[in-house]
Amino acid sequence: MTDLDRKQDRAPVPKDWTYAPAPESRDIVRLRERYGHFIGGEWIEPAETYQTISPATEESLALIGEGTEEEVDAAIAAARDAFANGWSALPGSERAKYLFRIARILQERSREFAVLESLNGGKPIKESRDVDLPLAAAHFFYYAGWADKLEYAFPNRRPKPVGVAGQIIPWNFPLLMLAWKIAPALACGNTVVLKPAETTPLTALLFCDVLRQAELPPGVVNIVTGDGRTGAAIVDHPGVDKIAFTGSTEVGKAIQRRLAGTGKKLTLELGGKAANIVFDDCALDQAVEGIVNGIYFNQGHVCCAGSRLFAQESIYEPLVDKLKRRLETLRVGDPLDKNTDVGAINSKMQLERIVELVEAGKDEGAEIYQPPCRLPEKGYWFVPTVFTNVAQSYRIAQEEIFGPVLSVLTFRTPEEAVEKANNTPYGLSAGVWTEKGSRILWMAQRLRAGVVWANTFNRFDPTSPFGGYKESGFGREGGLHGLEPYLRFDE
Ligand code: NDP
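Below or above, wherever it landed, is the structure these notes cover. Just so you know, these numbers come straight off a predicted model, no measurement behind them.

## What to know about the overall build of the protein chain
Okay, so step 1: When helices and strands are tallied, the protein chain shows 16 helices and 20 strands.
Okay, so step 2: In terms of overall dimensions, the protein chain has a C-alpha envelope of 70 × 55 × 55 Å along the principal axes.
Okay, so step 3: A sequence separation of at least 24 residues applies to 76% of the contacts in the protein chain between residues at least 6 apart.
Okay, so step 4: Accessible area for the protein chain stands at about 20,600 Å²; split by element, carbon and sulfur atoms hold 50% of it.
Okay, so step 5: A distance of 3 Å separates the average location of the 56 positive side-chain charges in the protein chain from that of its 65 negative side-chain charges.

This is how it looks when you write it as structure tokens:
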């Protein structure tokens, strides 16, 4: 008997493939009992407060300020003051130093931020640790690089900062959306008043610590927490020069109406109903992974989620079979467990919206599949779901569900795939799975979507512009394009 044979003989044979719990420790996060607003580099005691909770356990985490009009006014005054008295006149190379510092501190404190993000938002720790945090730091690094090169980015156009930027962000990627907004704004010499979403304020508040650590001058970034009324007060304030909004199409439209005629600049990054198109010549197992990542990543709380799967008829059955089998292996549960694939739904309200649309899907005649799955008793949860037998007209094929729910439709020819994929009021992203490069290019030219992924899905990079067509909004974030909304040009 060789050594190898002997070793193999002793190798433990697993009895089953259940994963042992692998919880990430919460100790690294120090929560305060209550948080104020961060205005002019100071913590300001709020007039009113509300509780923020963990959606996985419904436990209360802290008291948060409910920003009033007066508090928004104070934040905008602090931002205006910082803009006029130093920040906008600072050489780009100096602004870059602060952005580099912020990026490095985020990297150093990334575990703390990742745990807090999962605690407050419900997303799996492996996603906040491996996606949200690295990308947030990468955004600051990337825009730090542009801060002293704006003249080269826009030659002969004399780029100047816009002034005070009001930024309103959603709850699906709290820290990452903050980075998408703050990094380009500061790189261009603007100051900022940012409102995080009501349900996920904690990483934005921890970020204020990072700003202090980086010694960013007071008033350059101000964070006011609160609900939609706080957001509306920022939008309506005459002291704001630019609004950057990410969220629902409905609120985006309302903001656009309010800003019409005011001269304020506006960018909107709104909803989506992305088509993920699978041709019969693709690598099927790879496509299944891409479909799963496209719709179940972050519980489907992703504006560019691949929520409509278009399968070529010839591979419809094997594809759906493989997909169902793969769904059985997804682990739903504690967001702080390192093995969790699908975490908690962000809020009770969002869960109710998902349930309502899933019921509509059943009523309209679609066939539902949900793998066997034991959900925790407390908190907000939804089993990863696939609908087959879906018609284009069903609500589940038209409306943004923003949850772990996939609608499967079919097509025969590339022309039919394009027509069906574009049959939506949205146009944020799309995916194409095929081994033919020429077909990828042919599809990409015809799909009306801001991003088209080929043989992959939900890939993000700070150097690449992101944004929508049609009701998915306008303006781009990321890349060189992401600088333009934060600049004015004196021709
Ligand atoms: P909202 O569009 O309401 O929220 C986005 C941000 O805007 C939040 O900070 C919100 O505050 C704020 N806000 C709300 N009303 C106003 C207003 N009148 N003026 C200014 N700011 C405002 O999204 P919801 O959280 O209500 O989610 C509803 C649906 O929107 C989801 O089911 C999903 O379909 C879609 N959605 C899309 C997102 C995307 O990235 N495309 C992101 C989030 C949601 P507050 O948190 O207090 O409501």
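## With respect to the packing of helix 11 (residues 284-296) against helix 12 (residues 316-327)
Okay, so step 1: At their nearest, the axes of helix 11 and helix 12 sit 10 Å apart, and the two run at 55° to each other. Overall, the two elements helix 11 and helix 12 adopt an arrangement that is oblique. Read as a crossing pair, helix 11 and helix 12 show a hand that is right-handed. Facing Leu284, Asp285, Val288, Glu289, Ile291, Val292 and Tyr296 of helix 11, the residues of helix 12 in contact are Pro318, Leu319, Lys322, Leu323, Arg326 and Leu327.
Okay, so step 2: Of the residues assigned to the contact of helix 11 with helix 12, the class counts are nine nonpolar, no polar and four charged.

## A closer look at the nonpolar core
Okay, so step 1: Membership of the largest hydrophobic core comes to 112 residues, with the highest contact counts inside it found for Leu106, Phe140 and Phe207.
Okay, so step 2: The leading source of residues in this core is helix 7 (residues 174-187), at 11 residues.
Okay, so step 3: Judged by nonpolar contacts, the second largest core, of 29 residues, contains Ala397, Ile401, Leu409 and Val432.

## Section: the site of the ligand
Okay, so step 1: Within the structure, the ligand sits among 27 residues, and Ile169, Trp171, Glu198, Asp227 and Ser248 are positioned closest to it.
Okay, so step 2: Isoleucine 169 places a polar main-chain atom, nitrogen or oxygen, 2.9 Å from an oxygen atom of the ligand.
Okay, so step 3: Glutamate 198 has a polar backbone atom sitting 2.8 Å from an oxygen atom of the ligand.
Okay, so step 4: Within the complex, the protein chains bury 87% of what would otherwise be the 840 Å² of accessible surface of the ligand.
Okay, so step 5: Spatially, the ligand is embedded in the largest pocket.
Okay, so step 6: With three residues, the top contributor of residues to the shell around the ligand is helix 9 (residues 228-236).
Okay, so step 7: Split by residue class, the shell around the ligand holds 13 nonpolar, nine polar and five charged.

## Description of the layout of surface pockets
Okay, so step 1: Considering only enclosed or pocket space, the largest pocket measures out at about 1,200 Å³ in volume.
Okay, so step 2: As for the largest pocket, its lining consists of 38 residues, of which Trp171, Gly247, Ser248, Val251 and Met349 are closest to the centre.
Okay, so step 3: When its residues are assigned to classes, the lining of the largest pocket shows 16 nonpolar, 12 polar and 10 charged.
Okay, so step 4: The wall of the second largest pocket is formed by 21 residues, among which Thr18, Tyr19, Leu330, Arg331 and Val332 lie closest to the centre.
Okay, so step 5: Across the lining of the second largest pocket, the residue classes break down as 11 nonpolar, five polar and five charged.

## Some words on the pairing of strand 12 (residues 275-278)
Okay, so step 1: Along strand 12, one buried face is formed by Ala275 and Ile277 and the opposite face, lined by Asn276 and Val278, is buried too.
Okay, so step 2: Sheet topology note: the strand 12/strand 13 (residues 308-312) ladder contains four bridges and is parallel. Within the sheet, the bridge partner assigned to alanine 275 lies in strand 13 and is arginine 308.
Okay, so step 3: One ladder, built from four bridges, connects strand 12 with strand 17 (residues 429-433); its direction is parallel.

## Overview of unusual backbone geometry
Okay, so step 1: Here glutamate 58, not a glycine, exhibits a phi torsion of approximately 65°, which is positive.
Okay, so step 2: Relative to the helices and strands, glutamate 58 resides in the loop between strand 4 (49-53) and strand 5 (60-65).
Okay, so step 3: Take glutamate 58: its relative accessible area is 34%, and that puts it in the partly exposed class.
Okay, so step 4: We note that glutamate 215 has phi near 60°; this positive angle belongs to a residue other than glycine.
Okay, so step 5: Assignment of secondary structure puts glutamate 215 in the loop between helix 8 (202-213) and strand 9 (221-223).

## Thoughts on the packing of helix 3 (residues 92-108) against helix 5 (residues 125-146)
Okay, so step 1: Interaxial distance between helix 3 and helix 5 falls to 8 Å at its minimum, and their mutual angle equals 165°. Looking at the two axes, helix 3 sits roughly antiparallel to helix 5. For the pair helix 3 and helix 5, the sense of crossing is left-handed. Where helix 3 approaches helix 5, its residues Ala96, Leu99, Phe100, Ile102, Ala103, Arg104, Leu106 and Gln107 are matched on the opposing element by Leu133, Ala136, Ala137, Phe140, Phe141, Tyr143, Ala144 and Gly145.
Okay, so step 2: Of the residues in the contact of helix 3 with helix 5, the class split is 13 nonpolar, two polar and one charged.

## Remarks on the sheet that holds strand 13
Okay, so step 1: In space, the seven strands of this open sheet follow the order 14-15-16-13-12-17-18, with mixed pairing throughout. Strand pairing shows two members of the sheet lacking a second neighbour, strand 14 (367-369) and strand 18 (451-454), which therefore form its edges. Each strand of the sheet is rotated relative to its neighbour by a mean of 20°, with strand direction disregarded.
Okay, so step 2: Strand contacts of helix 11: strand 12, strand 13, strand 15 (385-388), strand 16 (405-411) and strand 17, with the helix running at about 135° to strand 16, the strand carrying the most contacts.
Okay, so step 3: The sheet contacts of helix 12 involve strand 12, strand 13, strand 14, strand 15 and strand 16, and relative to strand 13 the element is tilted by about 135°.

## Quick notes on the pattern of salt bridges
Okay, so step 1: Overall, the coordinates contain 27 salt bridges when judged by the stated rule.
Okay, so step 2: The residue glutamate 66 makes a salt bridge to arginine 229 at a minimum N-O spacing of 4.0 Å. A residue pair is termed long-range when its members are at least 10 positions apart, and glutamate 66 in the loop between strand 5 and helix 2 (69-84) and arginine 229 in helix 9 qualify at 163 residues.
Okay, so step 3: Under the relative-accessibility criterion, glutamate 66 is labelled buried at 10%.
Okay, so step 4: Salt-bridge contacts for aspartate 281 lead to lysine 436; the nearest nitrogen and oxygen are separated by 2.9 Å. Here aspartate 281 is found in the loop between strand 12 and helix 11, whereas its partner lysine 436 is found in the loop between strand 17 and helix 16 (437-446), with 155 residues between them in sequence.
Okay, so step 5: The buried category is assigned to aspartate 281, whose relative accessible area is 16%.
Okay, so step 6: A single salt-bridge network, built from bridges that share partners, covers Glu66, Asp227 and Arg229.

Rules used in this analysis
- Residues numbered from 1 in each chain as written.
- Predicted model: local features only at pLDDT ≥ 70, side-chain atom pairs only at ≥ 80, totals over all residues.
- Heavy atoms only, no water.
- Helix = DSSP H or I, 4+ residues; strand = E, 2+ residues; numbered from the N terminus.
- Contact = heavy atoms within 4.5 Å.
- Areas by Shrake-Rupley, 256 points an atom, 1.4 Å probe, with all protein chains shown as cover.
- Lys, Arg positive; Asp, Glu negative; His and termini not counted.
- Charge placed at Lys NZ, Arg CZ, Asp CG, Glu CD.
- Axes fitted to C-alpha atoms, helices over the stretch in contact; angles between N-to-C directions.
- Parallel < 35°, antiparallel > 145°, perpendicular 65-115°, else oblique.
- Left-handed = near helix turned anticlockwise from the far one by under 90°.
- Nonpolar A, V, L, I, M, F, W, Y, C, P; charged D, E, K, R; others polar.
- Core = buried A, V, L, I, M, F, W, Y, C linked by side-chain atoms within 4.5 Å.
- Buried < 20%, exposed > 50% of the residue type's maximum accessible area, 1.4 Å probe, protein only.
- Near = heavy atom within 4 Å.
- Polar contact = N/O pair within 3.5 Å; in protein donor to acceptor, adjacent residues only side chain to side chain.
- 1 Å grid on protein atoms, 1.4 Å probe; cavity = no way out; pocket = protein on both sides within 12 Å on 5 of 7 lines; lining within 4 Å.
- Sits in = over half its atoms within 2 Å of the grid points.
- Points joined across faces, edges and corners; volume = space filled by probe spheres on them.
- Pairing = 2+ DSSP bridges.
- Salt bridge = Lys/Arg side-chain N within 4 Å of Asp/Glu carboxyl O.

That is the geometry; function is a separate question.
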